[in-house]
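# Descriptive analysis of the structure
What follows is the residue order along each chain.
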Amino acid sequence: MNIDMNRLSKLMLLKGNQTLKSRPSTLFAKNFYSCPERILLVSVARLKCPSNPSNYHCLQLSEEDALNETCKEKKVTSPGVYPILDSVSGNLNTRRCPPNRYQAWPMFSNVGNKCVYQKSVCKEEGQEVHTNGSTTEDRTCRCDYNRGYIFVSSPMDSCYCKPTQEDCSCYLNTCTESSKLNQDYTCLEEDSILSNITYSCPVIQ
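Residues numbered from 1 in each chain as written. Predicted model: local features only at pLDDT ≥ 70, side-chain atom pairs only at ≥ 80, totals over all residues. Heavy atoms only, no water.

### Comments concerning the pattern of salt bridges
Under the criterion given, the structure shown has 3 salt bridges. For the salt bridge of Glu69 with Lys48, the shortest nitrogen-to-oxygen distance reads 2.6 Å. Of this pair, Glu69 sits in strand E3 (residues 67–71) while Lys48 sits in helix H2 (residues 38–48), and the two are 21 residues apart along the sequence. According to the relative accessible area criterion, Lys48 is buried, its value standing at 14%. Across the pair Arg147 and Glu128 runs a salt bridge, and its minimum N-O distance is 3.9 Å. Here the residue Arg147 occupies a position in the loop between strand E11 (140–143) and strand E12 (149–151), and Glu128 occupies one in strand E10 (residues 127–131), the gap between them amounting to 19 residues. For Arg147, a relative accessible area of 45% translates into the label partly exposed. Using a relative accessible area of 28% as the deciding quantity, one classes Glu128 as partly exposed. Salt bridges sharing common partners tie together Glu128, Asp144 and Arg147. (Salt bridge = Lys/Arg side-chain N within 4 Å of Asp/Glu carboxyl O. Helix = DSSP H or I, 4+ residues; strand = E, 2+ residues; numbered from the N terminus. Buried < 20%, exposed > 50% of the residue type's maximum accessible area, 1.4 Å probe, protein only.)

Right, here's the structure in full:
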């Protein structure tokens, strides 16, 4: 049996090319849970989006917790939201920051896959949460006057402080035996602390 080696080589090459074309691309990872480390991000972007590395995105899918990679023209997202990939269309979209995070300013969609800042917890000695903040602002903290705590340093607002902008430390203050610390952080005789007096600071419930 005579074998035409040239013809056989051509057939094998054709079959190999067809196999490569039918094989799904493995360049982009799907349904994973960790994006490339920042130190590797430039190299990964150049590999996966060679025509324009700034188009590389690693984002959460809209209907899942998993992450997907894609090459998309970057967009500017508004404060209070973070970029995601639409699970159906594959287009860039946004989602509001979760309760424990916030985004104070616009950012490019290719920069990150979550709101940049985690909210302060107001859990240091003597601290209580004053407000829970919002999708664009951090929580504010205050000292628990009910337990005798006052601010170490006077904050910009006499009632509460902003942890990202100032020292929110509290310390245990001592009033005289006949006086008590009120919600304005002043020691007053207990008989003088009346419900019908107008105070600057709200009550801690």
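Resuming the write-up.
### Considerations on the pairing of E11
Residues Thr140 and Arg142 point to one face of E11 and Cys141 and Cys143 to the other, with burial holding for every one of them. Sheet analysis places E10 next to E11, joined by 4 bridges and oriented antiparallel. Among the inter-strand pairings, Val129 is bridged to a residue of E11, identified as Cys141. (Pairing = 2+ DSSP bridges.)

### Observations regarding the pairing of strand E5 (residues 81–85)
The buried count for E5 comes to 5 of 5 residues, which makes it a mostly enclosed element. Where burial is concerned, the two faces of E5 agree: the one with Val81, Pro83 and Leu85 and the one with Tyr82 and Ile84 are both buried. Bridge count for E5 against strand E6 (residues 92–96) is 5 bridges, and the pairing is antiparallel. Paired with Leu85 across the bridge in E6 is Leu92. The hairpin turn running from E5 into E6, its antiparallel successor, is 6 residues long, and Gly90 in that turn takes a positive phi close to 80°.

### Structural notes on the side chain of Arg142
Along the chain, the position of Arg142 falls in strand E11. Separated by 3.2 Å, the side chain of Arg142 and the backbone oxygen of Gln183 make a polar contact. Within polar-contact distance, the side chain of Arg142 engages the backbone oxygen of Pro202 at 2.7 Å. (Polar contact = N/O pair within 3.5 Å; in protein donor to acceptor, adjacent residues only side chain to side chain.)

### Overview of the nonpolar core
With 13 residues, the main nonpolar core has Cys143, Tyr145, Phe151, Cys161, Leu181 and Tyr185 as its most contacted residues. Every element with two or more residues in this core is listed here: E11 and E12. If one sorts the elements of this core by residue count, E12 sits on top with 3 residues. Those residues in contact with Cys161 that sit more than four places away from it in its chain are Thr140, Cys141, Phe151, Pro155, Glu166 and Cys168. Among the nonpolar cores identified, the runner-up in size contains 6 residues, and Val44, Cys49, Cys58 and Leu67 belong to it. (Core = buried A, V, L, I, M, F, W, Y, C linked by side-chain atoms within 4.5 Å. Contact = heavy atoms within 4.5 Å.)

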